[in-house]
Amino acid sequence: MTERTLAIIKPDAVERHLAGKIVQRIEDSGFQIRAMRLVRMSKRDAEGFYAVHRDRPFFKSLTELMSSGPAIVMALEAPDAIKKWRTLMGVTDPAKADPGTLRKEFGQSIERNATHGSDAPHTAAYEIGYFFAGIELI
Ligand code: UDP
Ligand code: MG
């Protein structure tokens, strides 16, 4: 089933000039990019985006990172896009991610792990809507 997911190239990866390599991997893997934008989140924007994690010990540091510089937000489409993108990213901690995954290759720590991906259809819908209006989805 064709599906959409929200992908982010996080500020740590944009700052290290890894955006081009990551977009190349996305295209090579067969995703259609339905929307894409450079965005500088405020602290409040990042807190809203990660609201499900507000009680976690890493929330303050994570939202500081996400608002520290520009990120690239994308709506990706493919059959089974949510799982497919999480597989390409690898698990949250780059040290535990499989070889060849984006987080293994480009992540520096469990927090500075280069990319974000939605984890379920309802979160994908919320997260795509957080950044893109319907008219921006091609
Ligand atoms: N994170 C962190 N420490 C942790 C767990 C998560 O700094 O112990 C950060 C990390 O950047 C991660 C984000 O918080 O990508 C969201 O956490 P989640 O558990 O949703 O992981 P993801 O879905 O991104 O793999
Ligand atoms: Mg998550």
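Use the structure listed above.
Cut-offs and rules
- Residues numbered from 1 in each chain as written.
- Chains lettered and ligands numbered in written order.
- Predicted model: local features only at pLDDT ≥ 70, side-chain atom pairs only at ≥ 80, totals over all residues.
- Heavy atoms only, no water.
- Helix = DSSP H or I, 4+ residues; strand = E, 2+ residues; numbered from the N terminus.
- Rg over C-alpha atoms; globule rule 2.2 N^0.38 Å.
- Buried < 20%, exposed > 50% of the residue type's maximum accessible area, 1.4 Å probe, protein only.
- Contact = heavy atoms within 4.5 Å.
- Lys, Arg positive; Asp, Glu negative; His and termini not counted.
- Charge placed at Lys NZ, Arg CZ, Asp CG, Glu CD.
- Pairing = 2+ DSSP bridges.
- Axes fitted to C-alpha atoms, helices over the stretch in contact; angles between N-to-C directions.
- Core = buried A, V, L, I, M, F, W, Y, C linked by side-chain atoms within 4.5 Å.
- Near = heavy atom within 4 Å.
- Polar contact = N/O pair within 3.5 Å; in protein donor to acceptor, adjacent residues only side chain to side chain.
- Areas by Shrake-Rupley, 256 points an atom, 1.4 Å probe, with all protein chains shown as cover.
- Nonpolar A, V, L, I, M, F, W, Y, C, P; charged D, E, K, R; others polar.

**Student:** What is the right way to read the overall build of the protein from this model?
**Tutor:** When helices and strands are tallied, the protein shows seven helices and four strands. Tracing the protein from N to C terminus, the helices and strands come up as β-α-α-β-α-α-β-α-α-β-α. Taken against the 2.2 N^0.38 rule, which gives 14 Å for 138 residues, the C-alpha radius of gyration of the protein at 14 Å falls within 12% of a compact globule. Dimensions of the protein, computed from C-alpha atoms along their principal axes, come out at roughly 35 × 35 × 25 Å. Looking at the protein as a whole, 47% of its 138 residues are labelled buried. In the protein, 76% of the contacts between residues at least 6 apart in sequence involve partners at least 24 apart. Taking the average location of the 20 positive side-chain charges in the protein and that of its 18 negative ones, the two points are 2 Å from each other.

**Student:** Teacher, can you tell me more about the sheet that holds strand S1 (residues 2-9) here?
**Tutor:** Within a sheet, neighbouring strands are paired by backbone hydrogen bonds and run either parallel or antiparallel to one another. In space, the four strands of this open sheet follow the order S2-S3-S1-S4, with antiparallel pairing throughout. Each edge of the open sheet is held by one strand with a lone partner, namely strand S2 (32-39) and strand S4 (115-117). For this sheet the average axis-to-axis angle between neighbouring strands, irrespective of direction, equals 20°. Here helix H7 (residues 121-131) sits on the sheet in contact with S1, S2, strand S3 (71-79) and S4, set at roughly 55° to S1.

**Student:** Sorry, what's going on with the nonpolar core here?
**Tutor:** Proteins that are soluble and globular tend to have nonpolar side chains buried together. Grouped together as the largest cluster of nonpolar side chains are 21 residues, with contacts concentrated most on Ile9, Ile22, Ile26, Phe31, Met74, Leu76 and Trp85. When contributions to this core are tallied by element, the ones reaching two or more residues are S1, helix H1 (11-15), helix H2 (19-28), S3, helix H5 (81-89) and helix H6 (102-106). Leave out the neighbours within four places in its chain, and Ile9 touches Val14, Ala19, Ile22, Val23, Ala71, Ile72, Met74 and Ala114. Val39, Ala46, Leu62 and Ile128 belong to the second largest nonpolar core, which has 17 residues in total.

**Student:** What is the right way to look at the site of ligand 1 in this model?
**Tutor:** Lys10, Tyr50, His53, Phe58, Leu62, Arg86, Thr92, Arg103, Ile110, Glu111 and Asn113 make up every residue found near ligand 1. Here Glu111 contributes a backbone N or O atom positioned 2.9 Å from an oxygen atom of ligand 1. A total of 500 Å² of accessible area belongs to ligand 1 in isolation, and the protein chains cover 82% of it. Classifying every residue of the shell around ligand 1 by side-chain character gives four nonpolar, three polar and four charged.

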